[in-house]
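# Structural features, examined
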Amino acid sequence: MATVIAVTSGKGGTGKTSLVGAVGSCLAALDHPTLCIDMDVGLRNLDLALGLSDRALMDFTDVMEGRCSLERAVVEHPQIRGLYLLTAPFSLSEQFSESKLEALLTQAREKFRYILLDSPAGLGEGFRLAALSCDRAIVVSTADASALRDAQRTVTELGRFKVEDIHLVVNRVQRKLLHQLGATIDDAMNTAGLPLLGVVPEDPQVSLAANQGYPLILRSSKGAAIGYRNIALRIEGRRVPVMRIK
């Protein structure tokens, strides 16, 4: 059965889009057909995280308005079988409604095992539509106090939309900074009020891979790549130890 996962963050800069691209890549590599949908209208960057910036010609509004089929609009990655992207438009000329998104996702559920919604940062319309359409949600935060406060507010808003299956990913973790703050991952979980899905270390390979036009798992098997793979395994339902940040 297909699962729609909204990946959200209370603020920008948490690495949410990088996480969508990397976890989506890992799920596809684990033999699950996976569709990543960029919902950040006007500020889309998921194509860069997936290395598909020159291939995505159609966007989700083309499907919603019947200008092309879902099969024509999605782009499969040339090196990771089963990994697909449906990009966002640069602007909206039509109304982006709940009913149109739900119709699109109904089609997608028939073709994919996992559908990851890269929700815009913040609590605007894109976030609302993602929250209304998902089966579960992942809130992405860094370990700093302002990001965790915003994550806590995001959890409250997801609750308003009746999203019950919500987990936290603490991303871009710097062990040295945690020590200086006297903080732990348990502190982050307590502040956000969420169970932990995974921990990902700060890793320059993430931005390097994106700038070179490759998904992270094609360029690295260490650091953040391990954290993202562990998250994908937990989404599958496997029991995997939380990554230790060294």
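## Observations regarding the overall build of the protein
For the protein, the helix and strand inventory stands at 11 helices and 8 strands. Its C-alpha atoms give the protein a radius of gyration of 17 Å, within 12% of the compact-globule value 18 Å for 246 residues. If you line up the protein on its principal axes, its C-alpha atoms span 55 × 40 × 30 Å. The contacts of the protein with a sequence gap of at least 6 include a subset with a gap of at least 24, amounting to 77%. Within the protein, the 27 negative side-chain charges are centred at a point lying 7 Å from the centre of the 28 positive side-chain charges.

## Things to note about the layout of surface pockets
There is about 480 Å³ of room inside the largest pocket. Among the secondary structure elements, those contributing two or more residues to the lining of the largest pocket are helix H1 (16–29), helix H2 (46–50), strand E7 (166–173), strand E8 (196–201), helix H10 (204–212) and helix H11 (224–236). No other element matches H10, which puts 5 residues into the lining of the largest pocket. When grouped by side-chain class, the residues that make up the lining of the largest pocket number 11 nonpolar, 11 polar and 8 charged.

## Quick word on the packing of aromatic side chains
The full count for this structure, using the stated rule, is 2 aromatic pairs. Arranged with centres 5.2 Å apart and planes meeting at 70°, the rings of Tyr84 and Phe112 form a pair that is edge-to-face. A residue pair is termed long-range when its members are at least 10 positions apart, and Tyr84 in strand E4 (residues 83–86) and Phe112 in the loop between helix H5 (98–109) and strand E5 (114–118) qualify at 28 residues. Accessibility expressed as a relative area gives 7% for Phe112, which makes it buried. Between Phe127 and Phe161, the aromatic rings sit 6.3 Å apart at their centres with planes inclined by 65°, giving edge-to-face as the arrangement. Of this pair, Phe127 sits in helix H6 (residues 125–133) while Phe161 is found in the loop between helix H7 (145–160) and E7, placing the two residues 34 residues apart along the sequence. An identical accessibility class is assigned to Phe127 and Phe161; each is buried. In this structure, Arg160 packs its charged tip against the face of Phe161, placed 5.4 Å from the ring centre. When the ring centre of Tyr214 is taken as reference, the NZ or CZ atom of Arg219 above it lies at 3.6 Å.

## Overview of the pairing of strand E1 (residues 3–8)
Counted residue by residue, E1 has 6 buried out of 6 residues, so it is predominantly covered. Of the two faces of E1, the one lined by Thr3, Ile5 and Val7 and the one lined by Val4, Ala6 and Thr8 are each fully buried. For E1 and E5, the ladder comprises 5 bridges, and the chain directions are parallel. For Ala6, the partnering residue across the bridge sits in E5 and is Leu117. Across 4 bridges, E1 lies against strand E6 (residues 136–141) in parallel orientation.

## Focus on the sheet that holds strand E3 (residues 75–76)
In space, the 8 strands of this open sheet follow the order E3-E4-E2-E5-E1-E6-E7-E8, with mixed pairing throughout. The open sheet has two edge strands with one neighbour each: E3 and E8. Both strand E2 (residues 34–38) and E5 contribute to a ladder of 5 bridges, which runs parallel. From the neighbouring strand, Ile37 faces E5, where its bridge partner is Leu117. Sitting on the sheet, H5 is in contact with E1, E2, E4 and E5, with an inclination near 145° to E5.

## Some details on the pairing of E6
Of all 6 residues that make up E6, 6 are buried, and the element is covered over most of its length. Burial along E6 is two-sided: the face carrying Arg136, Ile138 and Val140 and the face carrying Ala137, Val139 and Ser141 are both buried. Two elements, E6 and E7, share 5 bridges in a ladder whose sense is parallel. Within E7, the residue paired with Val139 across the bridge is Leu168. A crossover links E6 with its parallel partner E7, the connecting element being H7, and its sense is right-handed.

Reading the values: the criteria
- Residues numbered from 1 in each chain as written.
- Predicted model: local features only at pLDDT ≥ 70, side-chain atom pairs only at ≥ 80, totals over all residues.
- Heavy atoms only, no water.
- Helix = DSSP H or I, 4+ residues; strand = E, 2+ residues; numbered from the N terminus.
- Rg over C-alpha atoms; globule rule 2.2 N^0.38 Å.
- Contact = heavy atoms within 4.5 Å.
- Lys, Arg positive; Asp, Glu negative; His and termini not counted.
- Charge placed at Lys NZ, Arg CZ, Asp CG, Glu CD.
- 1 Å grid on protein atoms, 1.4 Å probe; cavity = no way out; pocket = protein on both sides within 12 Å on 5 of 7 lines; lining within 4 Å.
- Points joined across faces, edges and corners; volume = space filled by probe spheres on them.
- Nonpolar A, V, L, I, M, F, W, Y, C, P; charged D, E, K, R; others polar.
- Phe/Tyr/Trp six-rings, centres within 6.5 Å; stacked < 30°, edge-to-face > 60°.
- Buried < 20%, exposed > 50% of the residue type's maximum accessible area, 1.4 Å probe, protein only.
- Lys NZ or Arg CZ within 6 Å of the ring centre and 35° of its normal.
- Pairing = 2+ DSSP bridges.
- Axes fitted to C-alpha atoms, helices over the stretch in contact; angles between N-to-C directions.
- Right-handed = clockwise from strand over helix to strand, strands pointing away.

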